[in-house]
Every structure is written in structure tokens, then in C-alpha cells.
Amino acid sequence: MKNFRRNGILLLILFLSTTMCWGRKSPKKNPRGIYKMTSLVEKNGREVVSPFDQYKICTDSITLNLNIMGTRFSVSKEESILNYTGEKPDKKQAHAIRIYNSNAEHFTLKWWSSFSNHLLFPENDWCTEFYVANSYSEKGKALFDALTQPTPTAEPEHPLYGNWHRISMTEDLDNMKEKWEALSKQENANEKYSGLDIIMINETYFINSGGEILNAESDGKTFLGFRSSKSNSLNKMSVTWLSDNYIIVTRQHGKTAAHELWKRITDDVPPISHIAALFVNRK
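Residues numbered from 1 in each chain as written. Predicted model: local features only at pLDDT ≥ 70, side-chain atom pairs only at ≥ 80, totals over all residues. Heavy atoms only, no water.

Caption draft 1: The arrangement of the overall build of the chain in detail. Of regular secondary structure, the chain possesses four helices and 17 strands. Within the chain, buried positions represent 44% of all 283 residues. By sequence separation, contacts in the chain at least 24 residues apart represent 55% of the contacts at least 6 residues apart. Just so you have it, the chain exposes about 15500 Å², and 49% of that area is on carbon and sulfur atoms. (Helix = DSSP H or I, 4+ residues; strand = E, 2+ residues; numbered from the N terminus. Buried < 20%, exposed > 50% of the residue type's maximum accessible area, 1.4 Å probe, protein only. Contact = heavy atoms within 4.5 Å. Areas by Shrake-Rupley, 256 points an atom, 1.4 Å probe, with all protein chains shown as cover.)

Caption draft 2: Structural view of the packing of helix α2 (residues 138-148) against helix α4 (residues 271-280). Interhelical geometry of α2 versus α4 gives an angle of 80° and a closest axis separation of 5 Å. Here α2 is positioned roughly perpendicular relative to α4, judged by the angle of their axes. Contact residues: α2 offers Ala146, Leu147 and Thr148, while α4 offers Pro271, Ile272 and Ile275. Partitioning the contact of α2 with α4 into residue classes produces five nonpolar, one polar and no charged. (Axes fitted to C-alpha atoms, helices over the stretch in contact; angles between N-to-C directions. Parallel < 35°, antiparallel > 145°, perpendicular 65-115°, else oblique. Nonpolar A, V, L, I, M, F, W, Y, C, P; charged D, E, K, R; others polar.)

Caption draft 3: The layout of surface pockets, seen in detail. Roughly 290 Å³ of volume is contained in the second largest pocket. Gln54, Lys56, Asn65, Asn67 and Glu129 are the residues nearest the centre of the second largest pocket, which is lined by 18 residues in total. Residue assignment for the lining of the second largest pocket shows that the elements contributing at least two residues are β3 (53-58), β4 (63-69), β5 (72-77) and β7 (106-114). When residues in the lining of the second largest pocket are grouped by element, the largest group, four residues, is from β4. Of the residues assigned to the lining of the second largest pocket, the class counts are eight nonpolar, four polar and six charged. (1 Å grid on protein atoms, 1.4 Å probe; cavity = no way out; pocket = protein on both sides within 12 Å on 5 of 7 lines; lining within 4 Å. Points joined across faces, edges and corners; volume = space filled by probe spheres on them.)

Caption draft 4: Examining helix α3 (residues 173-185) more closely. Taking 1.5 Å per residue, 13 residues should reach 18 Å; α3 reaches 19 Å between its end C-alpha atoms and fits that length. Among the residues of α3, those classed as buried are Met176, Trp180 and Leu183. All buried residues of α3 fall inside an arc of 65° around its axis, so they share one side. Turned more than 90 degrees from where α3 packs its buried face, Asp174, Glu178 and Lys185 sit exposed. Its buried side turned inward, α3 meets β9 (162-170), β16 (246-253) and β17 (256-264). In this structure Asp172 caps α3, since a side-chain oxygen of it lies 3.1 Å from the backbone nitrogen of Asp174. (Expected span 1.5 Å × (residues − 1). Arc of directions from axis to C-beta. Polar contact = N/O pair within 3.5 Å; in protein donor to acceptor, adjacent residues only side chain to side chain.)

Caption draft 5: Expanded view of the pairing of strand β12 (residues 212-215). Pairing of strand β11 (residues 205-208) with β12, which is carried by four bridges, proceeds in the antiparallel orientation. Among the inter-strand pairings, Phe206 is bridged to a residue of β12, identified as Leu214. Connecting β11 to the antiparallel partner β12 that follows it, the hairpin turn spans three residues, and Gly211 within it adopts a positive phi of roughly 125°. (Pairing = 2+ DSSP bridges.)

Pasting the structure below:
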């Protein structure tokens, strides 16, 4: 855990240092920060508003691509770090990605499309995308606020709001309590977690770092609920407090119930750093 924490903090430092806004005026800087794709040139040569809620997270050590699709989002790693190249194709790699007109405020990306019969992308030709910093959809703003900030301090009146690690799930409540009792007896017990099992909750959203972002309702203490898209009824999950940092969240499925053991995350590493670590450590 100590090594992972050190790596996480290092990633945090890298992330924060590379999102500083330097070189705004020069159009030949490496893009660094979070950018939203605002428009693209489609296969008939017209610039159109982007139909995708897509973002690039650009740092010196890694570039991540994040897409939001309804209540789901996905994160993937770019094959290479996005650095300024200029608009002209590379003489050695004619179809390599091109980055130009770039600084902390915006950049243009060209990639070679080999799609056939795609609605937007050309076949065997360049596709051009335009990205702007500090631009988000409503859901994108909520997601990046949760991903890029350190874990919020627990509020006495709304202790459920914050970041959690989902440890396990079972239909046997007694078994869940036994697991918690075993963990609570361990001195300085720290459950290891990755970028795929972080849950972020606030008064408006439930976000699972594995790729889920839902509108949520909660009193911040005893329940967490989601509205049914068909009936608009509120489906509630009850919260049982075992201690200040451990809870059992119960989901009802007909006559059966699934119980989840959650542990509060108290480190100061933004979730995006844990997610980035998945790709940095992957061989």
C-alpha cells in the first residue's frame, strides 16, 4: 500500500503540474490539461458540432481518452503521448497522429481514418478534430470534478458523501459483518483498491470509477436512491453504519437482498491518478 500510495501521489503531482496554463499564446506548445472535443470535420468536408462527449486528458507521462455515453463512461489510453507535431504528415510515419495549433487553451488533432461507410469519418483520408480546454457537458463537469479532486472530508451531517471503496458483496449479512469485524481488528488495516473500484457520491451524482455515472438522490446518511426511467419511482438502497469509515449498503432485488461492504477512502490522491496508474503499470 505504501508503494502504491507513493506512486499515486507521484501521478497526482504529474497531473497537477501538467495542467498548469503556460504558453497560452503560442500555437506550438504541447497540449496539457483536460480538453473537450467541440467539433470535427466530417467526410464531406464540413465542420460539425461533435456528436461525442469526448475528452483528452493530456500530461507529460500519459494521455487518456474519456468518453461519456448516457449513464456510462469509458477511459482508455492513447497509444502515444499527445505532443505538438505540426500539421504536415511525418515523413517516416505518414499516417501518424498530427497535433497542431496547440497550447493550454486548445489543440487540433488529425488522425488517419480507414473506416468504410462511416456516418462521419472518411475512408482512407484524414479526420480532423478540434479540442478546447475548460469546456464540459453538464455530466462531464460533474464527472471531472469528482475524478480530479482529492477525497472530500466527511461532513458530520452528510457522512455518506465522499469517496468509497467497495470491498465485497454477498447475500449473507452475517458473513459481511464478520468480514468487517476481522478488518476492524487489524492494526492500521488498509484495503488495497484500484482505479476500477472507487465510488464517489455527492448530493446529485453516484459515480463508479469502473464507468458509471448516475443521477442520485440521498439524505447523505441513511439511503442512496435512483429514479426509474420508466415509472420515475425512487429505488432506494439502505445504509447501515458499522463505524465512521465502514458501511453496509443493501440493494433489494425482489425477495432477496444484496449487501455490499464499503470502506471510506481517506487518502489525498484524486481518483484520476488511481485510474491512470492502471495504464501506467500495465505492460
